[in-house]
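# An overview of the molecular structure
Listed here are the chains, written in short residue letters.
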Amino acid sequence: MRRNKLHSAIHIFGLAIAFSICILLFLTAYFHLSFDSFHKDKPQLFRTSRHTNSAQGPEMSSQMPLPAAAALRTDIPEVETAIVVNMGMPENLSYEEKNMERVVVRTDPDFFEVFNFPVLIGNGSTALSGLQDIALSETTAKAIFGNSDPIGKELKIGRGEDVEYYTVTAVVKDCPKNSSIRFDAVARTESLPNYAQLQNDWGSNGSSVFIKISKNSEPQKVAMKLEPFVEKYYPDQLAQLRADRPDVKESSELLSLDLTNINDVHFSGERSAPKVLVYALMSLGAFILLIACFNFINLNMANSFKRSRELGVRKTLGAYKGQLFMQLWGEAFLLYFVGFMLGLGLASQLIPVFNAQFGGGIEISALFQPTFLAIMTGVFLLVTLIAGGYPALKLANFSLVGVLKGKISTKRPGALRNSLLVSQFAISSLLICISWIAGQQLDFLREVPIGFEKEQVISIPVGYQQDGRKILARMRNQLVNDPNIVSITGTGGNLGRGLDRVTVRSVVGFDYKQNQVSADWLLADYDFLRTLQIPILKGRDFDPAYATDTINAFVVTESFVKAMGEPDPIGKYFGGEEAGLGNRIIGVIPDFNAYSPSEKAYPIAIHLSASERINYIFLKVKSDNPQMVMEHIAAVWEKLTDNAFFKASFLDENLQAWYEGEIIMTTVFSIASAIAIFLSCLGLFAMSLMVIELRTKEIGIRKVMGASVNCIVGMISIHFLKLVLVSLLIAIPLAWYAMEIWIENYENRISIDPLTFLGVGTVVIVVALFTVSFHTIKAAIVNPVDSLRTE
Amino acid sequence: MLLQLKNVFKWVNSGGQRVFLLKDINLTVEEGEFISVMGPSGSGKSTLLNVIGMLDSFDEGEYRFLDEPVHTLKEKHRANLYKQYIGFVFQSYHLLDDLTVQENLEMPLLYKKVGSSERKSLVADTLDRFNIVGKKDLFPAQLSGGQQQLVGVARALISSPKLVLADEPTGNLNSKQGEEIMELFKQLNNEGVTIIQVTHSEKNATYGSRIINLLDGRKI
Ligand SMILES: Nc1ncnc2c1ncn2[C@@H]1O[C@H](COP(=O)(O)OP(=O)(O)O)[C@@H](O)[C@H]1O
Ligand SMILES: [Mg+2]
């Protein structure tokens, strides 16, 4: 009886944990797969993107020029409507005393008719009829206006002199978390600050353009019509590309507009979640569920066979086969159900933590929809039927005499049980290997010499609302005598990925004496090299004493010089010949990795400018307490900028953030593998108890025949050890192969150390033996007289 | 003298009460004796046999086996002693179902750390001696009860013990099979093996040279 309670507890506990993890993983996968699925016309909705094939190689961007929308609408009859969606940086919204940074989407008046964002107050079709009309999300409206009616109120957007006034015309339901289009407020394209310039500029790409095709038209047909469309609107760019790439014949291969159905937008584009990761999460969930179900089936079956005698008796008493079946199935059903409910409860408790940790937007309610319900019921029936029904059927077909004599216990259902156990340990070992190696690779990337100081450099995103040059000048002024600040500079783009999540990269290609060079163009300011502690190899750093330094002076990296093929680069001019000036190289620095450290260092050209926007301010600090300096800088920043949002981070954090996806995946895999091995051991724990019970008599006989405690422990341990070894033999080559493929993605990568597998093997074996030892040792020291007395 | 029990008591505590399983047992066994232990069910026969076989401990008294004071010996030493000198035969044979006859015979030798070649020859000799060469590759389930007990006796004797302890060896056999086993014991005893058997059958008891009667753990 006590044994049965222990078994039930193990069943339920294991199932609950597995179900909760599984639910979290599947909901996460579902969250990503369900992106943008709420638009009712989704088969007709497409996002356009540009595909260019220049000297630097192919490039894809979903950033489009403003005039494209109108052109698409008029030139292609199948296009019912085309709409600009411009998602910018957060802007400053103010009303009376209230003041906050929010994302304003600029779009066309039919926005609320094309997309499904329910309008709560006001009328969707007329909400954006005025050029200065604005619709607010529910949360934003609440935040600004509280409980008073926002309709008709006048809202101020911008700071200082650049302020525009808008009239609130509607309140919209907050956009769902699984929406690619995210906004706090929606206004007209015409209200963009530089609309007049952009309106007819096919060369500035800053907005998404969505099209809605008419109901019965084929997307392929529309795509075909986009070829002449490109010829018509991009003549200059095509000519340029043709000159760049004489090897490419078809103009559609040089520049094309592609359509992405709105369902796939989330998985395509520059900063998208790869679908593979979603499938990885799903397989992880499936693995965990599989392990738990194997446990369940194994334990339940073993338990049922143990009770064969009792059931045999029942059969003589006239219990029908059906009744026997129902009894065993019913028990399995009940255990499973309780486990599932506990798992569901646990999952709903964990969801907030999970969302906070992994930045998801999952909700338990997503579970209660037909597909999920069908899957859950299916798994439920399958597992309980195998776990409860299989032994029942098997018992029902055994000869009655056999059951009564207890013959069944001698024919142990070993093959199925062992293969389930082997699969569990193989999956667990596989997951452990994967997370271990992924962890090694990430650690390795962290240690890759990056070529510049990253620990003591703070990067502050200036933000859309501020003038970076002014702030940089004021900061220099304020902090010039601060002993904790070594130097200050400004840049056009961040290094790594900062708290503003923005990565801007501009690559420029040119010819230099028959050599094709393509390089990252980096806008910087004075003291850039000093701030990042990059040494000068040849020539000099930028210097305010030379007036031309802000016009055409360049500091370039070694690989840049190598690509030029110029032995003596200092003072040489490159590119821009048509301007008559060209760019002059004043200094050469060692290579460094401006973007992802997992890639090879790319040639870099650094230049100054008097007018281009400074988007980031870098400060090199010198202190034992960088956190304190950070706080000090924050205070200075707030004073200088009139309380603009301070989103500073250290450069090494930015570089870390580059691997956010990998770090999250590795964390998830580590947790999952810990749970997998835990569940497997839970199964092994109960299984070893079962096996030992079946072998009690044998152990007794062997002891009477002279076997020592060590002999017995060894004998049973070896039985399980063999199974674990088989699973390792399955898992290790798989893990090795999979991880070889994975690390191929990284330019800087570890070589997989076979000792890792030895380590994993040892860990798994030790854990398994430890688990088994609880029961083996107890069984081995039992006095054989007691185990043989049963007659 | 092979073994001697002096004032041996064995008890268990049940509900705060001492329940005696063996009470003041005095017994001396000489080498070459054939003793039958009799008594009603629950009188302590098996317990006595287990104490003699060193499988079970006792709470009071002395036990000397071949002049070794068993009651003071360390577990390991005691195990070596019974491994070397004592063989067991059980009512329900206690053969391992998963092993063949040959493997069942070999098993005790493994735990006595007998070398492989010696094991082979001992097993072959024993199979020969008990006339079961033809059955060596069969599993216990493929044998009749009498044949299984024959294997059980063969297993007990394979490492030439001085003492064989048999707890109702014929209890599961029909009378003809039982008789054969008793004849076998008789023959072994003639070859010098000391035998202590538990039996309910007066007839089987007569094979022995001496009868011990137990009642409620006490010798009468
Ligand atoms: N470890 C024990 N704990 C409690 N009672 C026991 C124990 N061992 C034996 N007994 C009891 O002692 C009595 C004698 O048992 P046993 O020696 O097996 O009798 P016999 O073999 O003569 O039938 C029985 O009543 C039995 O239940
Ligand atoms: Mg008995």
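This structure is a prediction, so every number in the text was calculated from the model and none was measured.

Here is what the cut-offs are and how they apply
Residues numbered from 1 in each chain as written. Chains lettered and ligands numbered in written order. Predicted model: local features only at pLDDT ≥ 70, side-chain atom pairs only at ≥ 80, totals over all residues. Heavy atoms only, no water. Helix = DSSP H or I, 4+ residues; strand = E, 2+ residues; numbered from the N terminus. Rg over C-alpha atoms; globule rule 2.2 N^0.38 Å. Buried < 20%, exposed > 50% of the residue type's maximum accessible area, 1.4 Å probe, protein only. Contact = heavy atoms within 4.5 Å. Areas by Shrake-Rupley, 256 points an atom, 1.4 Å probe, with all protein chains shown as cover. Lys, Arg positive; Asp, Glu negative; His and termini not counted. Charge placed at Lys NZ, Arg CZ, Asp CG, Glu CD. UniProt positions renumbered as here; feature names shortened; annotations may be inferred. Domains from an automatic or database assignment. Buried area = accessible area lost by both parts, 1.4 Å probe. Salt bridge = Lys/Arg side-chain N within 4 Å of Asp/Glu carboxyl O. Polar contact = N/O pair within 3.5 Å; in protein donor to acceptor, adjacent residues only side chain to side chain. Near = heavy atom within 4 Å. Nonpolar A, V, L, I, M, F, W, Y, C, P; charged D, E, K, R; others polar. Pairing = 2+ DSSP bridges. Axes fitted to C-alpha atoms, helices over the stretch in contact; angles between N-to-C directions. Parallel < 35°, antiparallel > 145°, perpendicular 65-115°, else oblique. Left-handed = near helix turned anticlockwise from the far one by under 90°. Expected span 1.5 Å × (residues − 1). Arc of directions from axis to C-beta.

## Things to note about the overall build of chain B
Counting secondary structure elements, chain B contains seven helices and 10 strands. The C-alpha atoms of chain B give a radius of gyration of 17 Å, which matches the 17 Å a tight globule of 220 residues would have. Seen through its principal axes, chain B has C-alpha atoms that stretch 50 × 40 × 35 Å. Within the span of chain B, comprising 220 residues, buried residues form 51% of the whole. Contacts in chain B between residues far apart in sequence, at least 24 positions, make up 73% of those at least 6 positions apart.

## Focus: the overall build of chain A
When you go through chain A residue by residue, the secondary structure sums to 24 helices and 24 strands. For chain A, buried positions account for 51% of its 791 residues. Sequence separation of at least 24 residues holds for 80% of the intrachain contacts in chain A that already meet a minimum separation of 6. For chain A, the computed accessible surface area is about 35,800 Å², with 58% contributed by carbon and sulfur atoms. When the 71 basic and 76 acidic side-chain charges of chain A are each reduced to a single mean position, those positions are 15 Å apart.

## Considering the UniProt feature "transmembrane region" (unreviewed entry) in chain A
UniProt's entry tags residues 12–33, 276–299, 333–351, 371–393, 414–438, 668–692, 704–737 and 757–777 of chain A with the feature "transmembrane region" (unreviewed entry), counted in the numbering of this structure. Secondary structure across residues 276–299 of chain A comprises 100% helix and 0% strand; the distance between its end C-alpha atoms is 34 Å.

## Regarding the domain arrangement of chain A
Residues and elements named next belong to chain A. If you check the domain split of chain A, you get domain 1 (71–206) and domain 2 (464–646). The C-alpha centroid of domain 2 is placed 34 Å from the C-alpha centroid of domain 1. Counting residues at the interface gives eight residues for domain 1, matched by nine residues for domain 2. At the boundary of domain 1 with domain 2, total buried surface from both sides reaches about 650 Å², with 55% on carbon and sulfur atoms. On the domain 1 side of the interface with domain 2, the three residues burying the most area are M89, E101 and R159, jointly 69% of the side's total. The interface formed by domain 1 and domain 2 contains zero salt bridges.

## A few points about the interface of chain B and chain A
Counting from both sides, the interface comprises 19 residues of chain B and, opposite them, 16 residues of chain A. With both sides pooled, the region where chain B packs onto chain A buries about 1,600 Å², and carbon together with sulfur makes up 61% of that total. Summed over the shared surface of chain B and chain A, the number is zero salt bridges. Put simply, chain B and chain A have five residue pairs in polar contact (both at pLDDT 80 or more) between them. The set of elements that each furnish at least two residues to the side of chain B that touches chain A consists of helix 2 (75–85) and helix 3 (101–111) of chain B.

## Some remarks on the site of ligand 1
Inspection of the region around ligand 1 gives R789(A), V12(B), L21(B), P40(B), S41(B), G42(B), S43(B), G44(B), K45(B), S46(B) and T47(B) as its neighbouring residues. One of the backbone N or O atoms of G44(B) is found 3.0 Å from an oxygen atom in ligand 1. When ligand 1 sits alone it has 570 Å² of accessible area, and the protein chains cover 62% of it. No other element matches the three residues that helix 1 (residues 45–52) of chain B contributes to the shell around ligand 1. Here the residues of the shell around ligand 1 sort into three nonpolar, six polar and two charged.

## Overview of the pairing of strand 14 (residues 457–461) of chain A
Residues and elements named next belong to chain A. The buried fraction of strand 14 amounts to five of the five residues, a majority that puts the element mostly inside the structure. Residue alternation in strand 14 divides its side chains into two sets, V457, S459 and P461 and I458 and I460, and both sets are buried. Here five bridges tie strand 14 to strand 23 (residues 616–621), and the two strands are oriented antiparallel to one another. Bridge pairing in strand 23 places I460 opposite I617. Bridge count for strand 14 against strand 24 (residues 649–650) is two bridges, and the pairing is antiparallel. Across the sheet, S459 pairs through a bridge with S649, a residue of strand 24.

## Some words on the sheet that holds strand 15 (residues 485–491) of chain A
Residues and elements named next belong to chain A. In space, the four strands of this open sheet follow the order 15-23-14-24, with antiparallel pairing throughout. Of all strands in the sheet, those bounded by a partner on one side alone are strand 15 and strand 24. Against the sheet, helix 15 (residues 468–479) touches strand 14, strand 15 and strand 23, its axis set at about 175° to strand 15. Its contacts with the sheet put helix 18 (residues 626–641) on strand 14, strand 15, strand 23 and strand 24, and the angle it makes with strand 14 is roughly 30°.

## Brief notes about the packing of helix 3 of chain B against helix 5 (residues 145–157) of chain B
All names here are of chain B. Between helix 3 and helix 5, whose axes approach to 8 Å, the crossing angle comes to 30°. In terms of orientation, helix 3 and helix 5 fall into the roughly parallel class. When the axes of helix 3 and helix 5 are compared, the crossing they make is right-handed. Judged by residue contacts, V101, N104, L105, M107 and P108 of helix 3 engage V151, A154 and R155 from helix 5. Counted by class, the contact of helix 3 with helix 5 contains six nonpolar, one polar and one charged residues.

## A short note on helix 15 of chain A
All names here are of chain A. An ideal rise of 1.5 Å per residue puts 16 Å on 12 residues; helix 15 measures up with 16 Å between its terminal C-alpha atoms. Taken together, the buried positions of helix 15 are occupied by G468, R469, I471, L472, M475 and L479. For helix 15, the arc enclosing every buried residue in end-on projection is 165°, short of the 170-degree limit, so these residues lie on one face. Two or three places before R469, at the start of helix 15, stands the capping residue D467, its side-chain oxygen 3.0 Å from that residue's backbone nitrogen.

## Describing the side chain of T81(A)
All names here are of chain A. Note on placement: T81 falls in strand 3 (residues 79–87). Classification of T81 as buried rests on a relative accessible area of 11%. There is a polar contact of 2.9 Å between the side chain of T81 and the side chain of D110. Ignoring anything within four residues of it in the chain, the contact list for T81 reads R73, D110, V114, F210, I211 and K212.

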